[in-house]
Amino acid sequence: EAQPGPGGRGVTEVALPATLESGLARLGVSLPEGGREKLAAYLALLAKWNRTYNLTAIREPERMITHHALDSLAVVPHLPARAGIAVLDVGSGGGLPGIPIAIARPDAHVVLVDSASKKAAFLAQAAIALPLANVEAVATSVEDYAAARKFDVVISRAFSDLATFARLAKPHLAEGGVILAMKGVHPDEELAELPGDVEVVATPRLDVPGLEGARHLIVMRVRVLGSEPQYGPAA
């Protein structure tokens, strides 16, 4: 059972920073009703737990907005558009990118997997406190995770090299699903090491407001002879 974070269970009401508002507009991401408040509350909860559990090296609120919230939301336009997708966030840590995705796409079922029990406890508590009915937190490694269903999207943010991530993601991928890896500079060497049964569909550059340096999304799928790509930007 998830334990309360430092200071108790309540989520502090926080005003949505202007940086977040302008960033959402630049990304072209529109949050559902109540989404802005949940995103702001999530960042406040992350900052509070981080003081004790060291969930992220970034501690400044403004940098959490750019390096965590906006960086995660930048992938939303690249998710499959159809409603009801299942998303697996591998090595979720402090809930990135899974929790911002779950806030932006309340129709999606998002599973957050992390092998560190303290991080998984935070993820479970965040899902309760915000609340996010479409989020499930699991304290296990992706290798040991025995899911009851397959996923339309398996995503990671700085989890491992592409070949390792693709190998671990494949058993959890539904037919026609995509593997999304969030990277910095274009990972040419890692792309060259991908196994033959994994193909790259796209490598869009992500323009994250306020974040210096390159960001890329590597979109992969299991190669199926004669099939059409199932990947497509959300409307």
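## So, the overall build of the protein
Then comes step 1: A count of helical and extended segments in the protein gives seven helices and seven strands.
Then comes step 2: In the protein, the order of α-helices and β-strands from amino to carboxyl end is α-α-α-β-α-β-α-β-β-α-β-α-β-β.
Then comes step 3: Of all 235 residues assigned to the protein, the portion counted as buried reaches 51%.
Then comes step 4: Considering only intrachain contacts with a sequence separation of at least 6, the fraction spanning at least 24 residues in the protein is 69%.
Then comes step 5: When the accessible surface of the protein is summed, it comes to about 10,600 Å², and 51% of that surface belongs to carbon and sulfur atoms.

## Considering the side chain of Asp89
Then comes step 1: By the secondary structure assignment, Asp89 is in strand β1 (residues 86-90).
Then comes step 2: This buried residue, Asp89, is left without a salt bridge; Arg157 holds the nearest opposite charge, at 8.5 Å.
Then comes step 3: Polar side-chain contacts of Asp89 include one of 2.9 Å to the backbone nitrogen of Gly98.
Then comes step 4: Ignoring sequence-local partners within four residues, the contact set of Asp89 consists of Gly95, Leu96, Pro97, Gly98, Val111, Leu112, Val113 and Ile155.

## Thoughts on the sheet that holds strand β3 (residues 135-139)
Then comes step 1: Strand order in the open sheet formed by seven strands is β3-β2-β1-β4-β5-β7-β6, with mixed pairing between adjacent strands. Each edge of the sheet is formed by a strand with only one pairing partner; in this case those strands are β3 and β6 (198-202). Pairwise comparison of adjacent strand axes, ignoring direction, gives a mean angle of 25° for this sheet.
Then comes step 2: Helix α3 (residues 61-73) contacts β4 (151-157) and β5 (173-183) of the sheet and is inclined by roughly 150° relative to β4.
Then comes step 3: Relative to β5, helix α6 (residues 162-169) is tilted by about 150°, and along the sheet it contacts β1, β4, β5, β6 and β7 (216-222).

## Some points on the pattern of salt bridges
Then comes step 1: Across all of its chains, the model carries 10 salt bridges by this definition.
Then comes step 2: A salt bridge links Asp152 to Arg82; the shortest N-O distance between them is 3.2 Å. Pair noted here: Asp152 is in strand β4 and Arg82 is in the loop between α3 and β1, with a separation of 70 residues, a long-range link.
Then comes step 3: Taken together, the salt bridges that share partners define one network made up of Asp71, Arg157 and Arg215.

## Describing the packing of helix α1 (residues 18-27) against α3
Then comes step 1: Viewed as axis vectors pointing N to C, α1 and α3 meet at an angle of 25°, and their least axial separation amounts to 10 Å. With respect to α3, the element α1 is oriented roughly parallel. The handedness of the crossing between α1 and α3 is right-handed. Listed contacts from α3 to Thr19, Leu20, Gly23, Leu24 and Leu27 of α1 are Glu62, Ile65, Thr66, Ala69, Leu70 and Leu73.
Then comes step 2: Across the contact of α1 with α3, the residue classes break down as seven nonpolar, three polar and one charged.

## Comments concerning the nonpolar core
Then comes step 1: Core analysis: the largest hydrophobic core is formed by 51 residues, its most contacted members being Tyr42, Ile99 and Phe122.
Then comes step 2: Per-element accounting of this core gives the leading share, seven residues, to helix α2 (residues 35-53).
Then comes step 3: Here Ile99 is in contact with Tyr42, Gly94, Leu112, Leu123, Ala126, Leu130 and Leu132, once residues within four sequence places are set aside.
Then comes step 4: Listed in part, the 23 residues of the second largest apolar core include Ala86, Leu88, Val111 and Val142.

The rules behind each value
Residues numbered from 1 in each chain as written. Predicted model: local features only at pLDDT ≥ 70, side-chain atom pairs only at ≥ 80, totals over all residues. Heavy atoms only, no water. Helix = DSSP H or I, 4+ residues; strand = E, 2+ residues; numbered from the N terminus. Buried < 20%, exposed > 50% of the residue type's maximum accessible area, 1.4 Å probe, protein only. Contact = heavy atoms within 4.5 Å. Areas by Shrake-Rupley, 256 points an atom, 1.4 Å probe, with all protein chains shown as cover. Lys, Arg positive; Asp, Glu negative; His and termini not counted. Salt bridge = Lys/Arg side-chain N within 4 Å of Asp/Glu carboxyl O. Polar contact = N/O pair within 3.5 Å; in protein donor to acceptor, adjacent residues only side chain to side chain. Pairing = 2+ DSSP bridges. Axes fitted to C-alpha atoms, helices over the stretch in contact; angles between N-to-C directions. Parallel < 35°, antiparallel > 145°, perpendicular 65-115°, else oblique. Left-handed = near helix turned anticlockwise from the far one by under 90°. Nonpolar A, V, L, I, M, F, W, Y, C, P; charged D, E, K, R; others polar. Core = buried A, V, L, I, M, F, W, Y, C linked by side-chain atoms within 4.5 Å.

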